[in-house]
Amino acid sequence: MAYVNILLEQPEPSIYLLTVNRPKSLNALNAETLDEIAAAVAEVGKDSGARALLVTGAGEKAFVAGADISQMQDFDSAQAQAFSERGNRAFRAFELLPVPAVALVNGYALGGGCELAMACDWIVASERAQFGQPEVNLGVVAGFGGTQRLTRLVGRAMAMDLLVTGRLIKADEALRIGLVNQVVAPELLRDKGLEIARMIASKGPVAVRLTKQIVQRGQDLDLANACQQEAYAFGLTCATADQKEGMKAFLEKRPARFTGR
Ligand code: HXC
């Protein structure tokens, strides 16, 4: 598919980089961009050689400054709900993607931008990044999963603070509250992303995919059922050639050579 609002590249054979590419509007998410994001994530998901997806925003200033306000301003209730559902579908795709997604937040991650980052498996922020759910300033609630993913990530009290005040937080506070995994200098962000993607790609591919699947599914299950899923997945990994290779390599004191089988 030819994309207009995003870029989908492969900086290295098994690593994808999705860039939201509307820098003039700080990468604001309109309906077309949401659909392209969903299509791109599906494209990555179909590549059995994919090992990781990096997600960022074009330009110096913003990761994504939110849903496109110029497109939303005249929405009636039904159009607004449909737009919310469209975004939810696009962002859910990151969680259903078999391989880990890593958000590289280079600037503002506001509203739908913060929600996009939170749909990824982890978040690396530049020192210049700022996060927030400022929808209340526009008279609306968050609509791409922010009320739920933020609460799961940082807890109810902090989520309520951010969602109700609409205040922006800098990268250091985002790190302190557990919203992001790591903060790096702006010029190191891309390299850090590639380093993480390469690290993921060096592990047993089946084990990484199953780990993501259980972590994602387990959040919606009770502990006993989630641990049962883990036991099942552990059994599956022990039926792979990679398990034999990984354990043999450990005992032979050499790096493992995983094949994804
Ligand atoms: C459309 C946007 C935009 C947005 C910025 N722009 N954010 N356009 N939608 N979300 C546009 C501006 O209109 C402007 O266009 C250009 O990008 C540069 O932005 P400025 O405001 O001039 O830059 P600056 O003064 O540096 O301020 C940066 C900013 C501010 C703090 C990020 O742009 C801002 O507050 N943006 C809105 C943030 C927000 O409220 N996000 C949540 C949206 S609601 P021109 O043409 O003038 O150059 C949301 C809900 C999701 O995300 C759920 C929906 C269902």
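It should be noted that the structure appears before, not after, this text.
Reference entry: report on the structure contained in this document. (Residues numbered from 1 in each chain as written. Predicted model: local features only at pLDDT ≥ 70, side-chain atom pairs only at ≥ 80, totals over all residues. Heavy atoms only, no water.)

### With respect to helix α6 (residues 156-165)
In step 1: For α6, the full list of buried residues reads A159, L162 and L163. Looking down the long axis of α6, one finds its buried residues gathered within 95° of arc, a one-sided arrangement. Opposite its buried face, α6 presents the exposed residues A157 and V164, each directed more than 90 degrees away.
In step 2: Of the surrounding secondary structure, the elements contacted by the buried residues of α6 are α5 (146-154) and β9 (169-170).
In step 3: Phi for G166, located one or two positions after α6, is positive at around 70°. (Buried < 20%, exposed > 50% of the residue type's maximum accessible area, 1.4 Å probe, protein only. Helix = DSSP H or I, 4+ residues; strand = E, 2+ residues; numbered from the N terminus. Arc of directions from axis to C-beta. Contact = heavy atoms within 4.5 Å.)

### Notes on the environment of G143
In step 1: Among the structural elements, G143 can be located in the loop between β8 (130-132) and α5.
In step 2: It is 32 Å that separates the C-alpha atoms of G143 and E195, two residues lying 52 residues apart in sequence.
In step 3: Leaving out residues up to four positions away in the same chain, G143 has contacts with S84, N88 and E115.

### Some words on the layout of surface pockets
In step 1: Empty space within the largest pocket amounts to approximately 630 Å³.
In step 2: Considering the residues around the largest pocket, the lining is formed by 25 residues, among which E95, M118, C120, Q216 and Q219 are closest to the centre.
In step 3: Among the elements of the structure, α3 (77-96), α4 (112-119), β7 (122-126), α5 and α9 (205-218) are those that each provide at least two residues to the lining of the largest pocket.
In step 4: When residues in the lining of the largest pocket are grouped by element, the largest group, 5 residues, is from α9.
In step 5: Looking at side-chain class alone, the lining of the largest pocket contains 11 nonpolar, 7 polar and 7 charged residues.
In step 6: What the second largest pocket holds in volume is close to 520 Å³.
In step 7: Along the walls of the second largest pocket sit 23 residues, with A67, M72, E135, V140 and V141 positioned nearest its centre. (1 Å grid on protein atoms, 1.4 Å probe; cavity = no way out; pocket = protein on both sides within 12 Å on 5 of 7 lines; lining within 4 Å. Points joined across faces, edges and corners; volume = space filled by probe spheres on them. Nonpolar A, V, L, I, M, F, W, Y, C, P; charged D, E, K, R; others polar.)

### Quick notes on the site of the ligand
In step 1: Around the ligand sit 23 residues, and of these K61, A65, A67, I69 and G112 come closest.
In step 2: Within the backbone of K24, an N or O atom sits 3.5 Å from an oxygen atom of the ligand.
In step 3: The backbone of G112 places a nitrogen or oxygen atom 2.9 Å from an oxygen atom of the ligand.
In step 4: About the coverage of the ligand: the protein hides 62% of its 1000 Å² of free accessible area.
In step 5: For the shell around the ligand, the secondary-structure elements that each account for two or more residues are α2 (69-72), α3, β6 (108-110) and α4. (Near = heavy atom within 4 Å. Polar contact = N/O pair within 3.5 Å; in protein donor to acceptor, adjacent residues only side chain to side chain. Areas by Shrake-Rupley, 256 points an atom, 1.4 Å probe, with all protein chains shown as cover.)

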